[in-house]
Amino acid sequence: MKKVLLFSALALTAALSYGGGYRVSLQGQKALAMGHTGVAVVNSSESVFFNPAGLSYLDNKLNVSAGVSGVFSNIAFQNAETGASVNSDSPMGTPLYLYASYQANDWLTVGLGVYTPYGSTVKYPEEWAGSHLVNSIALQAIYIQPTVAFKINEMISVGGGPIYAIGSVNFERSLNRTLADLEGNRSTVEVDASGVSNWGWVASTMINFTEDLHFGVTYRSEILLEAEDGTAKFHNIPNSSLTPFADSDIKAGLPMPAELSLGVSYDYDKWTFAFDFNRSFWNVYKSLDIEFANPAIPDSRNARNYKNSSIYRVGIQYDATEMFTFRAGYYFDETPVRPGYFAPETPRNDSNNFTAGLSVNIGEHFQIDAAFLYSHFKEVNESYDYYFEDGNAVPFRGTYKTNGFIPAIGLTYKL
Amino acid sequence: MKNIFKYTCAILAVGLVSCEPEFENSVNDPGFYSSGNADFSRYVAVGNSLTAGYSDGALFITGQKYSYPNLMAEKFAFVGGGEFTQPLMNDNMGGMLLGGTQILENRLILEVGANGNPGPVRLQGTPSTDAAQKLSGTFQNMGVPGAKSFHLVAPGYGNPAGIAAGMANPYFARFASSDNATVIGDASAQQPTFFSLWIGNNDILSYATSGGVGVDQTGNMNPSSYGSNDITDPNVFAAVYSQQVDALVGSGAKGVLFNLPEVTSVPYFTTVPTKVIPLDAGTAAQLNAQFAVYNNQILPALAAASVITQQEAALRKINFEAGQNFPIMTDDDLTNLTQMLMGPPFNLPQQTAGLLGQLRQVNSDDLIVLPASSILGSTPDPGNPMGIVGVTIPLADKWVLSRKEQDRVRIATASYNATIRAIAGAKGLAFVDVNQAMTRVATDGLPYDGGVLTAQFVTGGTFSLDGVHPTPRGYAFITNLAIDAINHTYEATIPRVNVGDYPTITLHNN
């Protein structure tokens, strides 16, 4: 319990984008250790996220899981034409989750989940080569999901629930490459919106073909977070009536895309094998638009034009002893970013991800779940071609190399 | 399955020891870029205001940061370049004091005036840079604003005691190694392995910007007898230039030489149109009536008497019409008729004779200098609303660079450039044809990733608010010209700058 207290004491600070775009696949340490598979796996209340229907088949009446991950992400950028090079100095992200489920009776299970499926924290050094695109971004969405699961019979169950999402974003960049104040500091804009909320939903089913072969489907709806009362602050603006920039309210919207997950798992002796497929409907993310309430300030339109993308996951689990369970996994994460739309705020190309972890049983009721994720991105030459100055497209090109190290720890309680 | 587990763990372990992502070929790896057959470990830049990073009519810290030698040195750092320090000013005001009294004006900013129109004005405030305060250490940027070619070899050019009398340069005084030091001596004492030299602009520029009030000293081999606005004799230039290159090459340094742009294509000379006086038909007729005797009697009579040529008589005719008109001006290249007009048969009063003495109308071959825009059409005597500059009061000679004066500048420039090119060729030094590039800026413009750099005042992106010196973006463009020339000559692969990343002019309201 001490650890649970420790976790909840940590502020819900921003998480970093793992997964294409700003998706953060860190919703359960047992699942994470198995390549973040879990749609067809039933072993803890992590199913609140992965497949609510699976809660019906948990052995215990009360299940609680909580966890935190430390996201260490690094972006290196260079441009061989100019020799410009930079390493991001993003702070550690700490995505969290907390799930609970309770079997009310033989056919009804209720649950609650709080998790952070979307987020991104990227910070570049001041006035770096791409500062007209982004200096820093910190965005996060917290999902709160009351859940029910109905066991139709031993073979099939359904589940789901509403999702209340709360989002916040802070985004800072230079206005362009030319405007600066008297001291030569580039003029910047900082957009801030918090407490932005909206509703969505999740629905799922679980089918047990045999005692050992399970199949699951989960669909999580899109949630569009629209800030109506955000603010824009301008810094280092020259003292001149020739610039329209003055602090203003803003409107901006950011979609949390829908996700369809299919999973299969198979138990064999002390082994479990799991395969998940995720389809993320990123094509809703067309453009990052910021509308300024002040009509003198031109709206900021930043084409994104994401495409739908898939993730292929595989995981294995081995119940070694009564005390130890070992897990490992791998997933391939397709980027939703099209060529030419590679913006440095989420410089994600396809990634290969390797996971491992274990659970340690402490007494009858507690398990400590540890996991580690290493995300490997290939070096990529890419550009963002949709930044404009005076009507001219000014591509921002370079070579990106990204990686991520995520140690994660969690606690499971069963009664 | 066990193998997969092992494999995964091994990858994790490797990942853990190398946390920062590393490129297969990092731009920061030695050998990514090549210095070719040059050695950039000690780079020294020699020149004038352009080398110092002068912009917006002053020298100040941010401008110096974007000086082309500093931008070059940043790129030389990829190929073994060493430390490059500049004699930074104290602030971003740009002006300079001498013993507490301001002797140089602050930088220009683009201010929106009371009438709502933006225009360049001086930044208000007291600068903190004092020419009497000596900087310690040596500096690799030896650009001295205001220096002419022969100044670089003149002992005492950095003697603080000589500033007040105009015998020494306040910029050089801040970092000259001694009262008797020369710029070139201090530069070569650093034993550069690589140098840049861009000098000679002021040998013609001050003549041009002063509207040709100086003297073309071609034929006079003694520069100590020159006035500040004179054109330097091309042989004097050739001699001192060659001496400087020899001193900088020393025992084998490599380097880059810049030639001189045609100064007459910069906004200082092209912004104010020659047909600048708007008149309605009635006023034009009224004015023409006043000049009728001059046009129709005096000029033909003087031409008939061969006092002036037919050509000059035609040039001197004054004619206004409805619409935009050329202003009237005093041209010191015309025959001075004042005394003659006071005598018989004209017997004009002294004031009228003085007015007509060297009078003509500006024509399309002339260039009106930028500062004239503030006096054209003004009425300097509030008691006389009819005394309008350019209409009834001639523009002084200094406001107009006539065709004749332009020709003197052009001839001198061509001669200096021939010297520079020949020496670059003879010594195997890299050569930057700034003249050709600036001609392109003034004609077609030069494309960069955010648009096109042109010679348009304020909006063109190339020239700062003084209409002569480049903006940081303009200097970045020059940096690339130099890097290209160096890469070509010395088979190096030094990276270029991205021109669009550099700022242009500064907006500010005092």
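Residues numbered from 1 in each chain as written. Chains lettered and ligands numbered in written order. Predicted model: local features only at pLDDT ≥ 70, side-chain atom pairs only at ≥ 80, totals over all residues.

Points about the overall build of chain A
Applicable threshold: Secondary structure follows DSSP: runs of H or I at least 4 residues long count as helices, runs of E at least 2 residues long count as strands, and numbering of each begins at the N terminus. A radius of gyration in this sense is built from C-alpha atoms; the matching globule rule multiplies 2.2 Å by the number of residues raised to 0.38. Throughout, a residue-residue contact means that the two C-beta atoms, derived from backbone geometry, are no farther apart than 7 Å.
Across its full length, chain A carries three helices and 23 strands. Rg of the C-alpha trace for chain A: 22 Å, near the compact-globule value of 22 Å for 415 residues, within the 12% margin. Seen along its three principal axes, the alpha-carbon backbone of chain A occupies a region of about 70 × 40 × 40 Å. Partitioning the intrachain contacts of chain A with sequence separation of at least 6 by distance along the chain shows that 68% fall at a separation of at least 24.

Considerations on unusual backbone geometry
Cut-off, in case you're wondering: Residues with at least 20 other C-beta atoms within 10 Å of their own are called buried, those with 12 or fewer are called exposed, and the rest are partly exposed. The C-beta atoms themselves are positioned from the backbone.
Cis peptide bonds are those with omega within 30 degrees of zero, and the linkage from Pro-344 of chain B to Pro-345 of chain B qualifies with 5°. Tracing the sequence through the fold places Pro-345 of chain B in the loop between α13 (338–342) and α14 (350–356). Positive phi, close to 50°, is recorded for Asp-390 of chain A, a residue that is not glycine. Tracing the backbone shows Asp-390 of chain A in the loop between β21 (388–389) and β22 (392–393). In this structure Asp-390 of chain A comes out as exposed when scored by C-beta crowding, with 10 C-beta atoms within 10 Å. Positive phi, normally seen in glycine, also occurs at Glu-491 of chain B, with a value near 55°. Tracing the backbone through its elements, the reader meets Glu-491 of chain B in the segment after α17 (472–490).

What about the interface of chain B and chain A?
Where we set the bar: Three classes are used: nonpolar for Ala, Val, Leu, Ile, Met, Phe, Trp, Tyr, Cys and Pro, charged for Asp, Glu, Lys and Arg, and polar for all others, with Gly counted as polar.
Across the boundary between the two partners, chain B contributes 38 residues, which contact 39 residues of chain A. No other element matches helix α1 (residues 2–17) of chain B, which puts seven residues into the side of chain B that touches chain A. Of the residues that constitute the side of chain B that touches chain A, the class distribution is 17 nonpolar, 14 polar and seven charged.

Structural notes on the nonpolar core
The condition that has to hold: Residues of type Ala, Val, Leu, Ile, Met, Phe, Trp, Tyr and Cys that are buried and joined through C-beta atoms within 7 Å form what is called a nonpolar core.
Counting residues in each nonpolar core, the largest one holds 124 residues, and the members touching the most others are Val-46, Val-183 and Ile-486 of chain B. In terms of residues, this core owes the most to one element, α17 of chain B, which gives eight residues. Those residues in contact with Val-46 of chain B that sit more than four places away from it in its chain are Thr-51, Met-142, Leu-152, Val-183, Ile-184, Ala-187, Phe-195, Ser-196, Leu-197, Ile-199 and Leu-248 of chain B. In this structure, Ala-31, Ala-66, Ile-75 and Val-122 of chain A belong to the second largest nonpolar core, which totals 82 residues.

Topic: the packing of helix α8 (residues 234–249) of chain B against helix α15 (residues 403–427) of chain B
Residue and element names in this part refer to chain B. Under the convention used in this document: Here the axes come from fitting lines to C-alpha atoms, over the contacting stretch only for helices, and the angles between their N-to-C directions go from 0 to 180 degrees. Small angles under 35 degrees read as roughly parallel and large ones over 145 as roughly antiparallel, with 65 to 115 read as roughly perpendicular and the rest as oblique. By convention the crossing between two helices is left-handed if the near helix lies anticlockwise of the far one by an angle smaller than a right angle, and right-handed if it lies clockwise.
Interhelical geometry of α8 versus α15 gives an angle of 30° and a closest axis separation of 10 Å. On the basis of the axis angle, α8 is roughly parallel to α15. Read as a crossing pair, α8 and α15 show a hand that is right-handed. Two secondary-structure elements touch here, α8 through Pro-234, Phe-237, Ala-238, Tyr-241, Ser-242, Val-245 and Val-249 and α15 through Ala-412, Ser-415, Tyr-416, Thr-419, Ile-420, Ile-423 and Lys-427. The class makeup of the residues in the contact of α8 with α15 is ten nonpolar, three polar and one charged.

Brief notes about the pairing of strand β5 (residues 108–123) of chain A
Residue and element names in this part refer to chain A. Spelled out, the test is: In this analysis, strands are considered paired if DSSP registers two or more bridges between them.
Here strand β4 (residues 96–103) pairs with β5 via seven bridges, running antiparallel. Looking at β5, one finds that Ser-101 is bridged to Gly-111. What sits between the antiparallel neighbours β4 and β5 is a turn of four residues.

Interpretation in functional terms is not warranted from these geometric data alone.
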